[in-house]
Amino acid sequence: MALAGPSSALLSSSSSACLRRLNPLLLSAACRRPAWGQRRAARRFCSAIASEADVFNSPEVAKSFDFANEERIYKWWESQGFFKPNFDRGGDPFVVPMPPPNVTGSLHMGHAMFVTLEDIMVRYFRMKGRPALWIPGTDHAGIATQLVVEKMLAAEGVKRTDLTREEFTKKVWEWKEKYGGTITNQIRRLGASCDWSREHFTLDEQLSLVEAFIRLHDKGLIYQGSYLVNWSPNLQTAVSDLEVEYSEEPGNLYFIKYRVAGGTRDDFLTIATTRPETVFGDVAIAVNPEDKRYAQHVGKLAIVPLTCGRHVPIIADRYVDPEFGTGVLKISPGHDHNDYHIARKLGLPILNVMNKDGTLNDVAGLYSGMDRFEAREKLWSDLVETNLAVKKEPYTLRVPRSQRGGEVIEPLISKQWFVTMEPLAEKALRAVEEGQLTILPERFEKIYNHWLTNIKDWCISRQLWWGHRIPVWYIVGKKCEEDYIVARTKEEAFAKAQEKYGKSVEIYQDPDVLDTWFSSALWPFSTLGWPDLSKEDYKHFYPSTVLETGHDILFFWVARMVMMGIEFTGSVPFSYVYLHGLIRDSEGRKMSKTLGNVIDPLDTIKDYGTDALRFTLSLGTAGQDLNLSTERLASNKAFTNKLWNAGKFLLQNLPDRSDVSAWDFLLANKFDTEASLQKLPLPECWVVTGLHELIDRVSTSYDKFFFGDAAREIYDFFWADFADWYIEASKTRLYHSGDKLAAATAQSVLLYVFENILKLLHPFMPFVTEELWQAFPFRKQALMVTPWPTTDLPKDLRSIKRFQNLQSLIRGIRNVRAEYTVEPAKRISASVVATADVLDYVSKEKQVLALLSKLDVQNVHFTESAPGDANQSVHIVADEGLEAYLPLADMVDVSEEVKRLSKRLSKMQSEYDALVARLNSQTFVEKAPEEIVRGVREKASEAEEKISLTKNRLAFLQSTVST
């Protein structure tokens, strides 16, 4: 149909009210049988009146913006297809892949932050005319989802191991179909303008993890081996570094004797450890080569306690910190990441003393089968009994815990699949170095480079049932290490096995699944159809423009996406990486259930509205944490109300909808030429020039992703300039001038400026801006698809300076009124003194000056010299060449004011003298707390200043009486 958005008929809260407000000419033209044959468009328009009339409310009938209307507006946007990329206006696509939230997730402030920032980007570039695509999706979250379903089954008395793998995964899929949409529905509540028709799930068949595994394996970049990993004893799987959370907890530092082999009974080294149960995995004792205390022992052997005399070498290595503990370090490479790297570097053996369930194995001898923490207590008791314990002292531990299960993570040697990262990292480093990829803020480049320069091979296998099964098959009867087959399907694997081993061969698939992060690393291109490069989405939208996410996953996700993108597509997967910080509470603390300081986004939306939440989150600085408080939210809710009230004012003061000629005049005024701008009176010229400057600044900030700057600029202009000054100034044209042309000009400027403010603000506050936009008649399309304001529009900088002078004069008069406590309703006289050129423009705005300063318009005089009663007037200097005189008699009873101030001065002097007396007391100054003394000094200083001001005013008043 001709109108892409609802007309004025669709704006009110009911169909009947809607029809009453509709321009009769438009209604009849739209709903009668069109003489020119455009019946189909007319029918569609008429049906829109009935079907969409209740979508929008208007400030004319609604006191304030109703947050409950946000969902209706969102559904209307989606139903109109506005979230899909539109190529009508040309331009390069702007593509953002959404960081896929866990399918088990529930909306938190971290989600709210990334949704807000990404939606701001997409809405802005959509309005700029670029085909904008925001690709949504969810992560299958291997560990988290499996845990959720296991707990659900446990409540029914069923263990996962009671089921076959196929039965269990069927249960997980059933859970996903029932509950998996929760997080995406919550993301919709934030106004996310994603193309939901392209929604993906990291277990979708088209996300070709198998293809990626095979290609990396064929290049020799994937291998299987036994290495140290983060092991979760309860979950029975390896976990990534990101799934390990460290917490400071009380513990102990244990000091243990290691006797020197061949020495006397008193010849021993003392080591300090927080985990004595790992002594059975010791393969060496190390000291710093510069530590003279132990130089004589280097090269000898030490006896590991409680191991029936097992000997290990005493070695020197610069890694050892002489200041920690005793300066002697036990090397247990099977259970400590740092020890593991030392052992690999020096060629030391690796001993594993622990089973995968967290109990000690046969290497621990008599302690075999004991839980690791139980063994710790038993072993210390035995060390004490055998006189090998030196001491135990309290020590704060940095304990690694599973993000999902909460249990203590155990560094453990385990057989896993790994990706060789170094050759991939080299290309990712070059991408930033050569400018193919820009990281914002720039300071994160150093962190990115450091991590990639010191990268470790990536463990990509997980011991789970939920996830992408590793595409590796083994031959029954053969050792896994000796022979395995990598294939895309079981059928392909079986064919390869038969070709090599004969028709009767039997195969079985590796039970492990791929790390969830492996699937996420392919997200930007797998969602667009890779590896099928003929897919239209891949051809149109790859590579993406921006990847926006939290800075805490720069390494775990972003850097891996860059590496995989370059490896599989030959190009970086996105041009920019934009990183945001954490959302903290008002005191700067991390939000946690333990602290009870978690702010729920959905509760926030209910209380303050989505727009207020989004605007608050957008005010942060890229890469830095944001402290969120209810005060900030309340302030921005007030901003929403201010917008609404401004819209109400405009609608009440614009022509009736039936006055087509008046609306033609309003809509024709675009003020996009020098000539049109120069014709405007000073306040109108000033506000339009300010708007044009704002459009340029805000557009630049959007382009640079400086969203906080853009938000503040719009806020300040709307509130401080448009609402506080121009709307007030416009009332002189609308209510007092009697000049129809002046009123029409003011109406045009009000509409022009407000419409553009709504456009600039829409990416931040989409709901209230769309509602207000639709409240005005003759809307040809929805705000969210309306073209962005044009930049480089004409500006009259002289009008800025001139109106600032007028503002200074008005502020000066207001300050004097406040100082002399003039009744708010009282109008006073004034003489404005200025040079001829200044008087020329100030005198033309006599009505504005009088209205905003509360002057008696009949007694405002303009002159080039001081008035005769200047000595009995308050003198204001607004600016060089612009002054004013306000007769005292108009404001106060001078005699009464002299009495009042004299009495007040006496009281102030007494209070000041008392403060000075305290400060002159040596006892007070020496014995009182420093902050108390400082407070008294500050009060005395303030009192002295007030006394001086009061004396000056009193002297001035007395001089006028004597005159």
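Residues numbered from 1 in each chain as written. Predicted model: local features only at pLDDT ≥ 70, side-chain atom pairs only at ≥ 80, totals over all residues. Heavy atoms only, no water.

## Structural notes on the overall build of the chain
In step 1: Counting its regular elements, the chain contains 34 helices and 29 strands.
In step 2: Radius of gyration (C-alpha) of the chain: 38 Å, far over the 30 Å computed for a compact globule of 963 residues.
In step 3: Reported as C-alpha extents along the three principal axes, the dimensions of the chain are approximately 115 × 100 × 55 Å.
In step 4: When the 963 residues of the chain are sorted by exposure, 53% land in the buried category. (Helix = DSSP H or I, 4+ residues; strand = E, 2+ residues; numbered from the N terminus. Rg over C-alpha atoms; globule rule 2.2 N^0.38 Å. Buried < 20%, exposed > 50% of the residue type's maximum accessible area, 1.4 Å probe, protein only.)

## Details of the side chain of glutamate 770
In step 1: In this fold, glutamate 770 is placed in helix H27 (residues 766-775).
In step 2: In this structure, glutamate 770 is buried with no salt-bridge partner, the nearest side chain bearing the opposite charge being arginine 123 at 6.0 Å.
In step 3: In terms of polar contacts, glutamate 770 uses its side chain to reach the side chain of tryptophan 77, at 2.9 Å. (Lys, Arg positive; Asp, Glu negative; His and termini not counted. Salt bridge = Lys/Arg side-chain N within 4 Å of Asp/Glu carboxyl O. Polar contact = N/O pair within 3.5 Å; in protein donor to acceptor, adjacent residues only side chain to side chain.)

## Re the sheet that holds strand S23 (residues 574-580)
In step 1: The strand order across the open sheet formed by three strands is S15-S23-S22, and the pairing between neighbours is parallel. Strand pairing shows two members of the sheet lacking a second neighbour, strand S15 (438-440) and strand S22 (544-550), which therefore form its edges. On average, each strand axis in the sheet is tilted by 15 degrees relative to the strand beside it, whichever way the strands run.
In step 2: On top of the sheet, helix H5 (residues 109-127) reaches S22 and S23; it is set at about 140 degrees to S23, its chief contact. (Pairing = 2+ DSSP bridges. Axes fitted to C-alpha atoms, helices over the stretch in contact; angles between N-to-C directions. Contact = heavy atoms within 4.5 Å.)

## Details of the environment of lysine 392
In step 1: Relative to the helices and strands, lysine 392 is located in strand S13 (residues 389-402).
In step 2: By relative accessible area, lysine 392 is classed as partly exposed at 41%.
In step 3: Taking the C-alpha atoms as reference, lysine 392 lies 6.2 Å from phenylalanine 255; in sequence the two are 137 residues apart.

## A look at the packing of aromatic side chains
To describe a pair of aromatic rings, one takes the distance between the centres and the angle between the planes.
In step 1: Enumeration over the complete set of coordinates arrives at 54 aromatic pairs.
In step 2: The positively charged end of arginine 188 is found above the aromatic ring belonging to tryptophan 196, 4.0 Å away from the centroid. (Phe/Tyr/Trp six-rings, centres within 6.5 Å; stacked < 30°, edge-to-face > 60°. Lys NZ or Arg CZ within 6 Å of the ring centre and 35° of its normal.)

## Comments concerning the UniProt feature "domain: Valyl-tRNA synthetase tRNA-binding arm" (unreviewed entry) in the chain
In step 1: The positions UniProt marks with the feature "domain: Valyl-tRNA synthetase tRNA-binding arm" (unreviewed entry) are residues 893-957.
In step 2: Between the C-alpha atoms that bound residues 893-957 there is a distance of 10 Å. The span itself is 94% helix and 0% strand. (UniProt positions renumbered as here; feature names shortened; annotations may be inferred.)

## Remarks on the pairing of S22
In step 1: Of all the seven residues making up S22, seven are buried; the element is thus mostly covered by neighbouring parts of the structure.
In step 2: Here six bridges tie S22 to S23, and the two strands are oriented parallel to one another. Pairing of valine 546 across the sheet is with tyrosine 576, part of S23.
In step 3: On the question of chirality, the crossover connecting S22 to the parallel S23 by way of helix H18 (residues 554-569) is right-handed. (Right-handed = clockwise from strand over helix to strand, strands pointing away.)

## Notes on a positive patch on the surface
In step 1: The grouping of Arg811, Arg814, Arg827 and Lys854 at the surface amounts to a positive patch.
In step 2: With respect to the secondary-structure elements, arginine 827 resides in the loop between helix H28 (797-819) and strand S26 (828-834).
In step 3: The class of arginine 827 is partly exposed, set by a relative accessible area of 41%. (Patch = residues over 30% accessible without salt bridge, like charges linked within 9 Å, V, L, I, M, F, W, Y side chains within 5 Å. Areas by Shrake-Rupley, 256 points an atom, 1.4 Å probe, with all protein chains shown as cover. Charge placed at Lys NZ, Arg CZ, Asp CG, Glu CD.)

## Describing the side chain of threonine 786
In step 1: Turning to its location among the elements, threonine 786 is positioned in the loop between H27 and H28.
In step 2: Residue threonine 786 is classed as buried on the basis of its relative accessible area of 4%.
In step 3: A polar contact is formed between the side chain of threonine 786 and the backbone oxygen of alanine 782, at a distance of 2.7 Å.
In step 4: Apart from residues no more than four positions distant in its own chain, threonine 786 is found in contact with Met127, Lys759, Trp773 and Gln781.

## Thoughts on helix H8 (residues 182-189)
In step 1: By the burial criterion, the buried members of H8 are Ile183, Thr184, Gln186, Ile187 and Arg189.
In step 2: Buried residues along H8 sit against helix H4 (70-79), H5, strand S3 (137-138), helix H19 (601-608), helix H20 (610-618) and H27.
In step 3: Glycine 191, located one to two residues past H8, shows a positive phi value of around 90 degrees.

## Some points on the sheet that holds strand S18 (residues 472-475)
In step 1: If you walk across this open sheet you meet the three strands as S19-S18-S20, and the pairing is antiparallel. The open sheet terminates on both sides in strands that have one partner only, identified here as strand S19 (484-486) and strand S20 (507-509). Pairwise comparison of adjacent strand axes, ignoring direction, gives a mean angle of 30 degrees for this sheet.
In step 2: Where S18 and S19 come together, three bridges link them in antiparallel fashion.

## Section: unusual backbone geometry
In step 1: In this structure, the amide linkage connecting leucine 440 to the following residue, proline 441, adopts the cis form with an omega of -5 degrees.
In step 2: Residue placement: proline 441 occurs in the loop between S15 and helix H13 (444-453).
In step 3: Backbone geometry at alanine 141 places phi at a positive 50 degrees, although glycine is not the residue there.
In step 4: Assessed through its relative accessible area of 5%, alanine 141 is described here as buried.
In step 5: Despite not being glycine, threonine 821 has its phi angle at roughly 45 degrees, a positive value.
In step 6: Within the secondary structure layout, threonine 821 lies in the loop between H28 and S26.

## A few points about the pattern of salt bridges
In step 1: For the coordinates displayed, the defined rule picks out 44 salt bridges.
In step 2: For glutamate 60, the salt bridge identified is with arginine 657, shortest N-O distance 3.1 Å. Here the residue glutamate 60 occupies a position in the loop between helix H3 (39-52) and H4, and arginine 657 occupies one in the loop between helix H21 (630-653) and helix H22 (660-668), the gap between them amounting to 597 residues.
In step 3: In this structure, aspartate 382 and lysine 378 form a salt bridge, with 3.4 Å as the shortest nitrogen-oxygen distance. Taken as a pair, aspartate 382 and lysine 378 lie in helix H11 (residues 372-385) at a separation of four residues, close to a single helical turn.
In step 4: For aspartate 382, a relative accessible area of 14% corresponds to the buried category.
In step 5: Take lysine 378: its relative accessible area is 40%, and that puts it in the partly exposed class.
In step 6: By sharing partners, the salt bridges in this structure join Glu211, Arg215, Arg488, Glu492 and Lys496 into a single network.

## Structural notes on the environment of glutamate 199
In step 1: The residue glutamate 199 is located in the loop between H8 and strand S4 (200-201) in this model.
In step 2: On a C-alpha basis, the gap between glutamate 199 and methionine 98 in space is 9.9 Å, while along the polypeptide they are 101 residues apart.
In step 3: Apart from residues no more than four positions distant in its own chain, glutamate 199 is found in contact with Pro136, Gly137 and Thr184.

## Focus on the confidence of the model for the chain
Interpretation of the predicted coordinates at a detailed level should be avoided for regions scoring low in pLDDT.
In step 1: The share of residues in the chain with pLDDT of 70 or more is 94%, and the mean pLDDT across the chain is 90.
In step 2: Of all helices and strands in the chain, the one with the weakest mean pLDDT is helix H2 (residues 24-31) (32), whereas helix H24 (residues 682-703) scores best (98).
In step 3: In this model, residues 1-52 is a region of pLDDT below 50 whose contacts with residues beyond four sequence positions or in other chains number 93 contacts. (pLDDT = per-residue confidence, 0-100.)

## Quick notes on the packing of H5 against H20
In step 1: Packing of H5 against H20 brings their axes to within 9 Å, and their N-to-C directions diverge by 85 degrees. Between H5 and H20, the angle is such that the two are roughly perpendicular. Contacts between H5 and H20 involve Met109, Ala112, Met113, Thr116, Asp119, Ile120 and Arg123 from the former and Leu613, Arg614, Leu617 and Ser618 from the latter.
In step 2: Among the residues making up the contact of H5 with H20, the classes are represented as six nonpolar, two polar and three charged. (Parallel < 35°, antiparallel > 145°, perpendicular 65-115°, else oblique. Nonpolar A, V, L, I, M, F, W, Y, C, P; charged D, E, K, R; others polar.)

## Looking at H28
Within an α-helix, residues lying three or four positions from one another point in the same direction, as the helix has 3.6 residues per turn.
In step 1: With 23 residues, H28 extends 33 Å between its outermost C-alpha atoms, agreeing within 8% with the 33 Å of an ideal straight helix rising 1.5 Å per residue.
In step 2: Considered for burial, the residues of H28 that qualify are Ser799, Ile800, Phe803, Asn805, Leu806, Gln807, Leu809, Ile810, Gly812, Ile813, Val816 and Arg817.
In step 3: The opening residue of H28, the one whose side-chain oxygen lies 3.1 Å from the backbone nitrogen of arginine 798, is aspartate 796. (Expected span 1.5 Å × (residues − 1).)

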